[in-house]
There are 2 protein chains.
Amino acid sequence: MMDTNKRESTGFLIKQRAFLKLYIITNIENGRWYGLKLLDELKKEFKPLGFEPQHSEVYRALHELEDEEEILTKGKVKVAGAKRKEVVVYKIKDHEKAQAYKKLVKTDLDRCVKLLQKALKDNF
Amino acid sequence: MMDTNKRESTGFLIKQRAFLKLYIITNIENGRWYGLKLLDELKKEFKPLGFEPQHSEVYRALHELEDEEEILTKGKVKVAGAKRKEVVVYKIKDHEKAQAYKKLVKTDLDRCVKLLQKALKDNF
DNA sequence: GCATGAACATCGTGTTCATTT
DNA sequence: AAATGAACACGATGTTCATGC
């Protein structure tokens, strides 16, 4: 009976996946990147804050940005710098959708900051 | 062979459980509360920010604060206001541990705020 | 119905394995 | 080894069920 079993979110904090997608879009807006290069960059950025994402999560984010959000397209490119002959690079396919997605995430980030700051105010 | 299979955390954002424990401790410091009453209070507080915790999560937090953190003790109390004859109320058992736990959570909340604000700065 | 608790189900994501270069 | 991807496994938490007032 088309039982659309969608599990409800209680709306706590933003998911890592969305957080990474945001960074990935911004990074790709500024140039060509491929999976592991993005991961390196992200790890370097977040390590001082105790967050170290995994490679699989970056790949999942990339795949979804391509197949579900339809924001990115991929292509293979021969890269001299990389050890591998071919590398999967992404570029923005739909700038409108990219901006729309980023806007959504921004709204949620703002909400999350409020939630955390409220906790700091209420308990300390 | 005592294979301590601890799954690594990548250190993204704070877990709902810890977030709720913090609020529960503070609420109990300020008076007597029982599970569903706490839930009501928390839901009311967070609903404007789109977060609505579930009853089971509050109970799990209470149980862990009693059995694992050993911060709370429980007792049953007959309450006139409630429909039920007896209700499970908690009070602080170890104020030292309570403060220590809150301090830990505060550190993590501060870190999380930084992570989110960094994302806002880096992507917008 | 209110209150508590546990059992069950599932999403998000960490870990491991496979494949290619 | 670097890179990509998928399979597998498990923790966190949402949902449902059981029990007693």
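Keep in mind that this is a model prediction, so the values were computed, not measured.

(A) Representation of the sheet that holds strand β2 (residues 72-78) of chain A in the model. Residues and elements named next belong to chain A. If you walk across this open sheet you meet the three strands as β1-β3-β2, and the pairing is antiparallel. Of all the strands in the sheet, the pair left with one neighbour each is β1 (33-34) and β2. With seven bridges connecting them, β2 and strand β3 (residues 86-92) associate as antiparallel partners. Across the sheet, residue Gly75 finds its bridge partner in β3, namely Val89. Packed onto the sheet, helix α1 (residues 16-29) meets β1, β2 and β3 and runs at close to 95 degrees relative to β3.

(B) Representation of the pattern of salt bridges. Residue and element names in this part refer to chain A. The final tally for this structure, using the stated rule, is 28 salt bridges over all chains. Residue Lys21 is joined to Glu69 by a salt bridge in which the shortest nitrogen-to-oxygen separation is 3.0 Å. Of this pair, Lys21 sits in helix α1 while Glu69 sits in the loop between α3 (55-67) and β2; the two residues are 48 residues apart in sequence, bridging distant segments of the chain. Overall, the relative accessible area of 22% leaves Glu69 in the partly exposed class. Salt-bridge contacts for Glu70 lead to Lys97; the nearest nitrogen and oxygen are separated by 3.5 Å. Here Glu70, found in the loop between α3 and β2, pairs with Lys97, found in helix α4 (residues 95-123); they are 27 residues apart in sequence, far enough to count as distant. Put simply, Arg17, Lys21, Glu57, Arg60, Glu64 and Glu69 are held in one network by salt bridges that share partners.

Rules used in this analysis
Residues numbered from 1 in each chain as written. Chains lettered and ligands numbered in written order. Predicted model: local features only at pLDDT ≥ 70, side-chain atom pairs only at ≥ 80, totals over all residues. Heavy atoms only, no water. Pairing = 2+ DSSP bridges. Helix = DSSP H or I, 4+ residues; strand = E, 2+ residues; numbered from the N terminus. Contact = heavy atoms within 4.5 Å. Axes fitted to C-alpha atoms, helices over the stretch in contact; angles between N-to-C directions. Salt bridge = Lys/Arg side-chain N within 4 Å of Asp/Glu carboxyl O. Buried < 20%, exposed > 50% of the residue type's maximum accessible area, 1.4 Å probe, protein only.

Keep in mind that these numbers describe shape and distance, not what the molecule does.
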